[in-house]
Amino acid sequence: MGGYILKRLVSAIPVLFGITIIVFLIMSLIPGDPATAILGSYATPENVEKLNRDLGLDKPMVQRYFIWLGNMLQGDFGRSFSLNRPVLDEVLERFNATLILAGTAFVLCSVLGILAGVVSAARQYGLADKLITFVVLIGISVPSFFLGMMMILAFAVNLRWLPVSGMYAIYGGGDLPDLLRHLVMPALALAAVATGVVARLSRSAMLEVLRQDYIRTARAKGVPERRVILGHALRAAMVSIIPVLGIQAGFVLSGAVYIEIVFQWPGVGRMLVDAILKRDLLLVQGGVVFVAACYVMFNIAVDVAQSLLDPRIKT
Amino acid sequence: MSAFLNLLFRNRLAAMGAVVLAVIVALVLLTPLLPLQDPDITATADRFKRPLTDGHILGTDHLGRDLLSRLLHGTRLSLAVGVAAALIAATIGSAIGIVAGYFGGRIDNVIMRGVDMLMAFPYILLALAIVAALGPGLMNALIAVAAVNVPFFARNIRGVTVGLAGREFIDAARLAGMGHTRILLTELLPNVLPVIIIAMSTTVGWMILETAGLSFLGLGSQPPQADLGSMLGEARSALISHPHTSVVPGIMIFLIVMSINLLGDGVRDALDPRLRSGALSRPRATTLVARKGDIPAPTDDLLAIQDLHTQFHVGERIYRAVGGVSLAVKPGECLGVIGESGSGKSVTALSVMGLVASPPGVITGGAVRFQGEDLIGAPYAALRAKRGDKVAYIFQDPLSTLHPLYRVGHQLAEAIRSHHRVPMAEARARAIQLLHDVRIPNAEARIDDFPHEMSGGMRQRVGIAMALANEPDVIIADEPTTALDVTVQAQILSLLDDLRRARGLAIIFITHDFGVVAQLCDRVAVMYAGRIVENGPTDAVLAAPAHPYTKRLIACVPELGGGRRELAAIPGLPPMVDDLPPGCAFAPRCDKAQEACRTGDIPLSGTPPRAVRCLYPEELV
Ligand code: SF4
């Protein structure tokens, strides 16, 4: 097992390099002079020249890439001019908030989605199945940002159950219950689409598995139906559900950008959008590389989970 | 194509999606012709008019602009941008995919590496990076969304192309001296095009949503121009005071995405033949029972199958898999049931414990009695309590009948613990003992193997051990040795025989092999087209087969107990059980068939213990 994890980690190295190359190439798409683009049209020539030197823009592209990469490997992601602080500090702080939001949504979509899929499959064509199918259809069709706005209207404005936005109350908040109260709506809004996708996939994976010969064997030896479904069938279905969870994690992370805007959640997505609007490109660049790298690592964890579940995978 | 459309529209939800989408598209196309107000004319005096006010059906926004007009223009823009992004992504992605798939080798490797890297990003990061570099704006958002979706097309189309590139017509084109470009454009592209179109139809809704999303963030369309996303984004600041400005564009996005989703699901279902046949149905815990006619009276047999009828209901068609079969065993007895595949022998066996997959299976008549108690239609709990405890099964092909993800020891222990409350350690000790009993060497170690780590013969022994776990009274073995080679088969048969003698087990042995029957069974029943055509003591049937079909089956075994064991030598095929001819089902393949054979039902007759269902039997019994 340790060997397998190591192997997967090693195989991630080229992907991580690829990510930096792609981000670097995209950033070199900037039309015109990057220093002017970064500093805006009011920049003084001295400032432009200084930035050019700082970024090494006077050097050839390949050399520039390696300088950038070298700096990043030493933990230096550059300095955000709009916030006037190191990019990495800002990203780490914001990523923490995103992780709380996206992590909760991911757990929600996995648990609720699989549960709904299993019930749906076990009661195929029954009332529960039809109800779930209907809710899922709505769930995957509502854009998360619109769903978030409607939730604010319903639960924060009309019913006054939950706070409108933010991560903590401005006065007197800051503890865990406060965080949870702020977390409920954004996490649910963010999880909605992914839950629908996971539920659908789980349903069809379960239906597929329930037709297998080994399910008949389990029934033939008198295993109670509940165990047949929740044990034998679900376990086998997880083999095809887990990779989809990995993919959905990417969608949850993506959706977090919208949800962070709608609920004014101080996460990395909102930071990126602000940075784009302020043309703080170093911040964008650093944020994108950091989050993408984390996502690659997460996917390795998914692969490892898969190999733990399925002994047929060569480790 | 029209068959496809028929299928598509049989799905009512898909049809609904198509109608909603068609209405939206028509509205959007007609927008410039409709008598609408200018979407960009502001009138601050008329800000935030509620819906259904004079002159503004949907009200006005924060600048007093008519919402209906803005909605339709915004929808037009959103659809146009989404479709354009889909077209661009499909064109570039497919081109990359076709080139990679066609040329293969290094080119393929390099391209697909690049695609994998792009797919390593959560999609929005890539889109944000592109918008960051190019600057906010609708055109740039379009480019970003298209670019993000290129890898999806490249990967899918490459897969299809790789499959096509090895086919003869491509080789032929190459031999005919066509250049690469011509082959790509005239030979490959037309074949890949349908896949591209399907991929596009499933992603276009997604791309509309993504561009709307970027506009919502303020990174797409810039004021005063507005697509649905930026309308929603602008309305957000007035969400609490004037929710209608948010609800209107939000519902429109929802309708578009949902109708495309519904249509996409319909397309997928119509294209997937498995869904068409209803094969993706979940088998219930027990076979459905819908018995007509009288229920036969109890007998004193250990297990008696009485006039059993089992059918498969697939759509409108009814397949009569088992048409009135009666069999019985006493303790310590071994009954062989023999027939070709499709003769209904396995369905008969599975009907006993309600294990016929249902849907589509339905038991429509007869009874199965264990010690006189009728199992057909027994409540699930009663049936479950007997499954594996009183009547156990051994199935063919243990690779697919053992759970691939559980260790064999776990599966054995589970069989025990499903019927006896014993601690795990005790169940495990018993499992090891069972593996010893079925002569698995080194049982203490093998118990922690997964099924795929064992040989076929070992797996089948595990299957037998599992059947023995609760010391059942009856074992139903459904072709347990078919997948094995001859030596292993002989070992398994002698193992079963020993167990029967040692424990007084009754065995119903399903097979297509008379050699196996001769070795193991006291009596034999021959099945054809869902009915028993002959039965009697094995020796008597073997020595003097009465039914022409039995005679042929026996003639097919060159040497009892060994050698080739195929039934292929009988000319003709067994009849489809959904339209049985009247009279003898074997008549089309029988050399002795007369006119009388094809009319009326032929009863099973003879002096016990033998019986035959034939008007002109080979032997009088
Ligand atoms: S009934 Fe007639 S057709 Fe059927 S097996 Fe006998 S002889 Fe042949």
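Overview of the structure. From a predicted model like this one, the values you see are computed outputs, not experimental measurements.

Moving on, we come to the overall build of chain B. Assigned secondary structure in chain B consists of 22 helices and 12 strands. In terms of overall size, chain B is more extended than a compact globule, its C-alpha atoms giving a radius of gyration of 34 Å where 621 residues would be expected to give roughly 25 Å. Its C-alpha atoms give chain B principal-axis dimensions of roughly 105 × 65 × 65 Å. Among the 621 residues that make up chain B, the fraction classed as buried is 53%. For chain B, the computed accessible surface area is about 26200 Å², with 60% contributed by carbon and sulfur atoms. With 55 positive and 55 negative side-chain charges, chain B shows a spacing of 2 Å between the two charge centroids.

Counting its regular elements, chain A contains 12 helices and two strands. If you list the helices and strands of chain A from N to C, you get α-α-α-α-β-β-α-α-α-α-α-α-α-α. In terms of its C-alpha atoms, chain A occupies a principal-axis envelope of roughly 80 × 55 × 35 Å. The burial tally for chain A puts 52% of its 315 residues in the buried class.

A word on the site of the ligand. Residues and elements named next belong to chain B. Around the ligand, the neighbouring residues are His547, Pro548, Cys584, Ala587, Cys590, Lys592, Ala593, Cys597, Ile602, Cys614, Leu615 and Tyr616. With respect to the pocket detection grid, the ligand is positioned in the second largest cavity. For the shell around the ligand, a count of residues per class yields 10 nonpolar, one polar and one charged.

Now for the pairing of strand β9 (residues 506-511) of chain B. Residue and element names in this part refer to chain B. Along β9, six of the six residues are buried, which leaves the element largely enclosed by surrounding structure. Residue alternation in β9 divides its side chains into two sets, Ala506, Ile508 and Ile510 and Ile507, Phe509 and Thr511, and both sets are buried. By the bridge criterion, five bridges tie strand β4 (residues 334-338) to β9 in an arrangement that is parallel. Within the sheet, the bridge partner assigned to Gly336 lies in β9 and is Phe509.

Take the sheet that holds strand β12 (residues 611-612) of chain B next. Residue and element names in this part refer to chain B. On the basis of which strands lie adjacent, the open sheet formed by seven strands has the order β7-β8-β9-β4-β10-β11-β12 and mixed pairing. Of all the strands in the sheet, just β7 (391-394) and β12 have a single pairing partner and so form its edges. Here β7 pairs with strand β8 (residues 474-478) via four bridges, running parallel. Directly across from Val391, in β8, lies its bridge partner Val474. This element, helix α19 (residues 486-503), spans β4, β7 and β9 of the sheet and lies at about 155° to β9. Packing against the sheet, helix α22 (residues 548-555) makes contact with β4, β10 (523-528) and β11 (531-537), and its axis sits at approximately 110° to β10.

Calculation notes
Residues numbered from 1 in each chain as written. Chains lettered and ligands numbered in written order. Predicted model: local features only at pLDDT ≥ 70, side-chain atom pairs only at ≥ 80, totals over all residues. Heavy atoms only, no water. Helix = DSSP H or I, 4+ residues; strand = E, 2+ residues; numbered from the N terminus. Rg over C-alpha atoms; globule rule 2.2 N^0.38 Å. Buried < 20%, exposed > 50% of the residue type's maximum accessible area, 1.4 Å probe, protein only. Areas by Shrake-Rupley, 256 points an atom, 1.4 Å probe, with all protein chains shown as cover. Lys, Arg positive; Asp, Glu negative; His and termini not counted. Charge placed at Lys NZ, Arg CZ, Asp CG, Glu CD. Near = heavy atom within 4 Å. 1 Å grid on protein atoms, 1.4 Å probe; cavity = no way out; pocket = protein on both sides within 12 Å on 5 of 7 lines; lining within 4 Å. Sits in = over half its atoms within 2 Å of the grid points. Nonpolar A, V, L, I, M, F, W, Y, C, P; charged D, E, K, R; others polar. Pairing = 2+ DSSP bridges. Contact = heavy atoms within 4.5 Å. Axes fitted to C-alpha atoms, helices over the stretch in contact; angles between N-to-C directions.

These figures come from the coordinates and say nothing about function on their own.
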